[in-house]
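# Structure assessment
One letter stands for each residue in the lines below.
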Amino acid sequence: MRKKSKRNFAAAVLLGVCLATLFVTAVFYNFFSREIMEELATCARLLEQTGALEQEQIEKTGLQFPQYRLTLIDNDGHVWYDNDVEVGGLDNHGNRPEVVKALQEGSGRSIRRSDTLDKSAFYYAVQLSDGSVLRVAKKASSIWKMYKSTLPVIALTAGIILVLCLAVFKKQQEDILKNAKMRQEFTANISHELKTPLTAISGYAELMELRMAAPEDVTRFAGEIHRSAARLLRMINDIIRLSELDAMEPDQVAFSPVPLWQLAQNCVEMLKISAQKHRVTLTLKGSPCWMQGSREMAEEILYNLCDNAIRYNREGGSVTVTVKPVEDKVMLCVEDTGIGIAKEHQTRVFERFYRVDKSRSKETGGTGLGLAIVKHMAAQQGAELMLESEKGQGTQITILFQNMEKSGMIEENEKREV
Ligand code: ADP
């Protein structure tokens, strides 16, 4: 199937190049023919105006124009002079298209195939004041010769275009296959991830329904059902978020000035209780600054990064959120003194459902989708994302957003915010 579409694509490219070249050559040849006809017309006019066509003059010296064939024809078609061939051997020229036209309308032109395929004969005929006709002719390259001479160029161009197009085609095919594989894996993972809490809910509910749960276990079972349902809900929300992001074109993101410092303050405030619960100190550093992007996405990124930094921390550890302008960007850095991520997991943690420590993630309410959402959102906003981490030491995730000040709207927005 892939081979067939590749062949069709190559054939389409070749056909396109050939048709384009044929068209361009035909246009060029048309222009070339008109130029030759103009030249022949000028020659005829010159001969007529200089009196070189006087019969006595011609009989004495002939017409000295070796680059043109000059023929003088009576108005009945009889040829009485030709500077190239013996007139005795020539038949009546009264039926030649250019002569017919010249006798009817004053001038006529025509192009005929010459003795060889490579040459064409160009004829221009004009009726003189005495009623006879002067015909000027010249041989030049035929359109076939032009096609023949452009053939190596066509072949080379077609070859180059074909190679380039096939490379693009191959890349597209690979991307399509990669995306299809990723989607397949994602669907399989979703089914698996949803099944676990649903099985727990169904199991505990069944035990209670069949009155198989001891009265002292009922509250615990209800708690398990509640936790599993909450997990399901979080997961479904994250899946919906990701599929929305997947369906979004990069230019669909509504960019606006975002008060990143203020959002970080709100986030730190919101996660204060969670940090206290995990016995982690949460601090915000830096200075007020604005970025260019989506407010909603920036809020979600902040929440996901800070939440992870708290959840994957240790008792007595700390999380430092820094927001400040750095060169022409706005930096958001979330640094923790937690469990860290070993080198081999560092790129994979951004994959959907990838977790280093599955049980810790589930215990703390993780869905395995947080960092995938962060990566996607950073890319949608044209931001740069970096991760530095050392196992057992801590993790630092930095995002460089586009700076608002560049757009010159900061003062206006700061005023509005105050
Ligand atoms: P989860 O919902 O499991 O936290 P994420 O996509 O947010 O999913 O993160 C993926 C995995 O990356 C986590 O399961 C965890 O193993 C690891 N991880 C994320 N953030 C941190 C961090 N700050 N410190 C250590 N490990 C982390």
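Each helix and strand in the protein was counted, giving 11 helices and 12 strands. Over its C-alpha trace the protein gives a radius of gyration of 42 Å, far above what one expects of a compact globule, namely 22 Å for 418 residues. When the backbone C-alpha atoms are referred to their principal axes, the protein occupies close to 135 × 60 × 35 Å. Put simply, the protein has 418 residues, and 38% of those count as buried. Considering only contacts within the protein whose residues lie at least 6 apart along the sequence, 65% involve residues at least 24 apart. When the accessible surface of the protein is summed, it comes to about 24,700 Å², and 56% of that surface belongs to carbon and sulfur atoms. If you average the places of the 53 positive and of the 54 negative side-chain charges in the protein, the two averages end up 7 Å apart.

Right, let's talk about helix 10 (residues 370–380) for a bit. Burial of helix 10 is extensive: 8 of the 11 residues sit out of reach of the surface. Of all the residues in helix 10, the buried ones are Gly370, Leu371, Ala372, Ile373, Val374, Met377, Ala378 and Gln380. Of the surrounding elements, those touching the buried residues of helix 10 are helix 5 (215–247), helix 8 (295–311), strand 11 (384–390) and strand 12 (394–403). Positive phi shows up at Gly382, right after helix 10, with a value of about 65°.

Next up on the list: the pattern of salt bridges. Scanning the model with the defined rule gives 19 salt bridges in all. Linking Asp91 and Arg96 is a salt bridge whose minimum nitrogen-to-oxygen distance equals 3.3 Å. Put simply, Arg241 and Glu296 hold a salt bridge, and the shortest N to O gap is 3.8 Å. Within this pair, whereas Arg241 is found in helix 5, its partner Glu296 is found in helix 8, the two being separated by 55 residues in sequence. Sharing partners across several salt bridges, the network here consists of Arg241, Glu244, Glu296 and Glu300.

Further remarks concern the packing of helix 5 against helix 10. Where helix 5 meets helix 10, the axes come as close as 10 Å, and the angle between the chain directions of the two elements is 25°. It follows that helix 5 is roughly parallel to helix 10 by the angle criterion. Where helix 5 crosses over helix 10, the two elements pack in a sense that is left-handed. Within the contact between the two elements, helix 5 uses Asp238, Arg241, Leu242, Leu245 and Asp246 and helix 10 uses Ala372, Ile373, His376, Met377 and Gln380. Residues belonging to the contact of helix 5 with helix 10 are distributed by class as follows: 5 nonpolar, 2 polar and 3 charged.

Every one of the 21 residues lining the ligand counts as a neighbour, but Arg311, Tyr312, Ser361, Thr367 and Leu371 are closest to it. Between the ligand and the protein, one listed contact pairs an oxygen atom with a side-chain N or O atom of Arg311 at 2.7 Å. In the environment of the ligand, a nitrogen atom lies 2.9 Å from a nitrogen or oxygen atom belonging to the side chain of Asp336. Taken together, the elements giving at least two residues each to the shell around the ligand come down to helix 8 and helix 10.

Attention shifts here to the state of the cysteines. Under the definition given, this model contains 0 disulfides. Not part of a disulfide, Cys18 finds its nearest cysteine sulfur in Cys165, a span of 13 Å. Given the relative accessible area of 33%, Cys18 is considered partly exposed.

This paragraph deals with the packing of aromatic side chains. Scanning all chains against the criterion turns up 5 aromatic pairs. Between Tyr204 and Phe221, the aromatic rings sit 4.9 Å apart at their centres with planes inclined by 45°, giving tilted as the arrangement. Of this pair, Tyr204 sits in helix 4 (residues 143–209) while Phe221 is found in helix 5, placing the two residues 17 residues apart along the sequence. Overall, Phe221 belongs to the buried group, its relative accessible area being 8%. The structure contains a cluster of three or more aromatic residues connected by ring pairs, namely Tyr29, Phe32 and Phe122. One residue, Arg352, lies across the ring of Phe186, its end atom 4.8 Å from the ring centre.

Calculation criteria
- Residues numbered from 1 in each chain as written.
- Predicted model: local features only at pLDDT ≥ 70, side-chain atom pairs only at ≥ 80, totals over all residues.
- Heavy atoms only, no water.
- Helix = DSSP H or I, 4+ residues; strand = E, 2+ residues; numbered from the N terminus.
- Rg over C-alpha atoms; globule rule 2.2 N^0.38 Å.
- Buried < 20%, exposed > 50% of the residue type's maximum accessible area, 1.4 Å probe, protein only.
- Contact = heavy atoms within 4.5 Å.
- Areas by Shrake-Rupley, 256 points an atom, 1.4 Å probe, with all protein chains shown as cover.
- Lys, Arg positive; Asp, Glu negative; His and termini not counted.
- Charge placed at Lys NZ, Arg CZ, Asp CG, Glu CD.
- Salt bridge = Lys/Arg side-chain N within 4 Å of Asp/Glu carboxyl O.
- Axes fitted to C-alpha atoms, helices over the stretch in contact; angles between N-to-C directions.
- Parallel < 35°, antiparallel > 145°, perpendicular 65-115°, else oblique.
- Left-handed = near helix turned anticlockwise from the far one by under 90°.
- Nonpolar A, V, L, I, M, F, W, Y, C, P; charged D, E, K, R; others polar.
- Near = heavy atom within 4 Å.
- Polar contact = N/O pair within 3.5 Å; in protein donor to acceptor, adjacent residues only side chain to side chain.
- Disulfide = S-S within 2.5 Å.
- Phe/Tyr/Trp six-rings, centres within 6.5 Å; stacked < 30°, edge-to-face > 60°.
- Lys NZ or Arg CZ within 6 Å of the ring centre and 35° of its normal.

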